[in-house]
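# A closer look at the structure
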Amino acid sequence: MNAKPILALTMGDPAGIGPEICMRAMGDRGVLDECVPVLFGDAGLLRRMVEKGLAAKVERVVSLAEFNSFTTPPPPVVVDCTDLDVDKIEPGKVSPACGRAAYSYIEHSIRAAIARKVDGVVTGPIHKEALRLAGVNFPGHTEIFSELTGAKRSCMMLYSDKITVSMVTTHIGYHEVPGQLSVERILNTIELTAEAMQSMLCRVPRIGVCGLNPHAGEHGLFGQSEEEEFIAPAVIEAKRRGINATGPLVPDAAFTTGVRQKFDAFVCLYHDQGHIPFKMLAFDTGVNTTLGLPIIRTSVDHGTAFDIAWQGKADPASLYSAIHFAARLAAGRAKNATF
Amino acid sequence: MGRDGTGWGRNGLELFPQGQRYCGGGSVLRFLRLEWSGKVWGMNRRIGISIGDVTGIGPEVTLKAMALEGASCAGNYLLVGDFGHLAALNQQLGLGLPLEMWDGVVEPGIGLPVFNPGEALPASLAPGAAPAAVAAHDWVVEAARRCLKGELAAMVTAPVNKEAIVRAGIRFVGQTELLSELAGTDQTAMMLLGEDDRGRWLRVVLATTHVSIKLLPERLTQEKIVLAIRMAGLACRQLGLARGRIAVCGLNPHAGEGGEMGTEEITTIGPAVERARAEGCPAEGPLSADALFYYVLRGDYDAVVAMYHDQGLVPLKMIGFETGVNWTLGLPFIRTSPDHGTAYNIAGQNKASPSSMQSAIRLARQLAGNKF
């Protein structure tokens, strides 16, 4: 592997804030020090960004075919994946064309990652409605990546410098959560989280595993206790495998300041159990990552922000964190590979 | 003394909407009574504090909170509990409070009155011992009765232990349920309040409480949600939050996203919000719970209605772990309590923090309009 990892950035929905924050990243010193960014996007759209003063000039644009024919590691480039009719794109508008384009950037970046042309993928924000209009029916990036890479086990993790949470289940109804739990699934999430945090911190991370029910079930006082059936056994097995895991924790006490300091990451059982504390502490500044894929994937933790798209108001902080995190994961993976 | 049973809370008429039992009669009569009987008024502006299970931290946090009130505490509170235990604790903690045994009838002296309607408790009791549990239960009943008779302006309850009370042979679900029963209503809900270190408030009413995730979807009914929204609206009015904007959480990720991840938003929560709005309550929802609490802290909403225990409790404990307060809405009197339990493990060690108790007292005082 190179000294610096090569990271694919996907531009996200063209009508959102994705293009402008990606272009900011392409010219950011911190980003360029840490990785070689390769932006999967649209050359015409980026020209329009430059015209509107939302981006500096891009050094080099290559076609997809050109990129694929590279035999040496590329410099920072923009890969022109689509042929958007840029004059027809209105910022802040949902359209099937934009949905199709956003999906195409993801698809091509995943192919590049599987072919080892890039070391990881950092995704810009997409709009689910636009994807649906384009005939792409996935609830989110996590599911697209799991499907296209054929991952056997994966989980969503939200990372920030204040709090990090992984989810055992994500985009399913609340009533489906208990039925989807198993010792194996919880253990997978614990393991994937521990592995990612090890890369990030370069030491054995401390993982807190939440209970499912109020007061972590209080030994079955409120009914069937998933804590005893699934969570506790998963924690015990994780410990046996050398992971510093603790749990099941009482969920409402787990995220208080004092307890937070005792853990590097939390394993949560359902979407909002992790998202509520995370968004309170790291609103719009965190990193969303899919663990367990054969490729590295991180993402911004905000949406397309259609209301401020193409106005130069968007904050690239979350994208920079996502790039930083992907670079660290890539370095960690390279290190492990040499063992 | 309010033993004739017709005293008035000072701000009773403003605080409680028409049709509730807390107040009645015209303002002229009220005025006359205040003028005529200073003694009656003197007692019923006191706040009653049931000191909780004496083998837990209830008495300790109560006395510490009293000590922090300073000299004014004597005339403003009535402690309902065991005198011997409080006196010993007062000594042990070196608080120097002017505790005074009260018989429940005559005018209290200048000290801080302590009233025990039952027998004195033995000095030494094991954690969760039956006599302590039963007495704690009876003190809650006593304070509530005096509130119902208008003899107290409000009540604050220190923690009791549910398991110990049940073990002692008393049918008991919780203090809130007990108080609802005494007041003859089932239309009550809890508001949990917390304040962060920047003075930002989170006020949450739970639509359901201790229900496992598996059973929750069937227990979550439109009626419970409408009640919670209504109570949140009432609470905002009583707190003087004129705008009273109420955010109602969804149950599923992203509030179900139009039925793609769960349908309770469509079948239950949405219609409940509509019903509350039709009653004139400025409620919004169902909203995606994940980002909501950020907006609430930013000041976009005055209160939140959460669908399940941890949805509300996780954010609350994150911001105000030490200062959380519970407030029972829908009772014909004011009742607040600290948000912690008996904590038998640290009882009697001078380790318990009174901050939550202080917050509970402060809120009760604010609601009763007693700005002493």
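A side chain of one charge can pair with a side chain of the opposite charge when the charged atoms of the two come close. Tallied over the entire structure, the rule returns 26 salt bridges over all chains. In this structure, the salt-bridge partner of A:Glu237 is A:Arg241, at a minimum N-O distance of 2.8 Å. Residue classification places A:Glu237 among the buried residues on the basis of a relative accessible area of 19%. According to the relative accessible area criterion, A:Arg241 is partly exposed, its value standing at 44%. Put simply, A:Asp252 and B:Lys317 hold a salt bridge, and the shortest N to O gap is 3.9 Å. Taken together, the positions of A:Asp252 in helix α11 (residues 251-254) and B:Lys317 in helix α14 (residues 309-319) put the pair across two chains.

Within the secondary structure layout, B:Leu331 lies in the loop between β11 (325-329) and β12 (335-338). Measuring from C-alpha to C-alpha, the distance between B:Leu331 and B:Glu181 comes to 9.8 Å, with 150 residues separating the pair along the chain.

Turning to the packing of helix α5 (residues 96-114) of chain A against helix α7 (residues 141-149) of chain A, a few remarks are in order. All names here are of chain A. Between α5 and α7, the least distance of the axes is 11 Å, while the angle of their chain directions is 45 degrees. Compared by their axis directions, α5 and α7 come out oblique. Every pair of crossing elements has a handedness; the one defined by α5 and α7 is right-handed. Only His 141, Ile 144, Phe 145, Leu 148 and Thr 149 of α7 make contact with α5, whose side of the interface consists of Tyr 103, Ile 106, Glu 107, Ile 110 and Ile 114. Grouping the constituent residues of the contact of α5 with α7 by class yields seven nonpolar, two polar and one charged.

Contacts between the two partners involve 36 residues from chain B, matched on the other side by 32 residues from chain A. Together, the buried faces of chain B and chain A total about 3300 Å²; carbon and sulfur atoms form 66% of this surface. Ranking the residues of chain B by area buried against chain A places B:Ile213, B:Asp290 and B:Met318 at the top, with a combined share of 23%. Joining chain B to chain A, the criterion identifies four salt bridges. In this assembly, chain B and chain A are joined by seven residue pairs in polar contact (both at pLDDT 80 or more). Every element with two or more residues in the side of chain B that touches chain A is listed here: α10 (216-219), α13 (289-298) and α14 of chain B. No other element matches the nine residues that α14(B) contributes to the side of chain B that touches chain A. Here the residues of the side of chain B that touches chain A are counted per class, giving 21 nonpolar, eight polar and seven charged.

This brings us to the domain arrangement of chain B. All names here are of chain B. By the assigned domains, chain B splits into domain 1 (1-185 + 331-372) and domain 2 (187-330). Taken together, the 22 residues of domain 1 in the interface contact 17 residues of domain 2. Of the roughly 1700 Å² buried between domain 1 and domain 2, counting both surfaces, carbon and sulfur atoms make up 50%. Taken together, domain 1 and domain 2 are joined by zero salt bridges. Across the contact surface, domain 1 and domain 2 share six residue pairs in polar contact (both at pLDDT 80 or more). Those elements that place two or more of their residues in the side of domain 1 that touches domain 2 are α9 (175-183), β12 and α15 (355-368). Among the elements that take part in the side of domain 1 that touches domain 2, α15 stands out by supplying seven residues, more than any other. Of the residues that constitute the side of domain 1 that touches domain 2, the class distribution is nine nonpolar, eleven polar and two charged.

The rules behind these values
Residues numbered from 1 in each chain as written. Chains lettered and ligands numbered in written order. Predicted model: local features only at pLDDT ≥ 70, side-chain atom pairs only at ≥ 80, totals over all residues. Heavy atoms only, no water. Salt bridge = Lys/Arg side-chain N within 4 Å of Asp/Glu carboxyl O. Buried < 20%, exposed > 50% of the residue type's maximum accessible area, 1.4 Å probe, protein only. Helix = DSSP H or I, 4+ residues; strand = E, 2+ residues; numbered from the N terminus. Axes fitted to C-alpha atoms, helices over the stretch in contact; angles between N-to-C directions. Parallel < 35°, antiparallel > 145°, perpendicular 65-115°, else oblique. Left-handed = near helix turned anticlockwise from the far one by under 90°. Contact = heavy atoms within 4.5 Å. Nonpolar A, V, L, I, M, F, W, Y, C, P; charged D, E, K, R; others polar. Buried area = accessible area lost by both parts, 1.4 Å probe. Polar contact = N/O pair within 3.5 Å; in protein donor to acceptor, adjacent residues only side chain to side chain. Domains from an automatic or database assignment.

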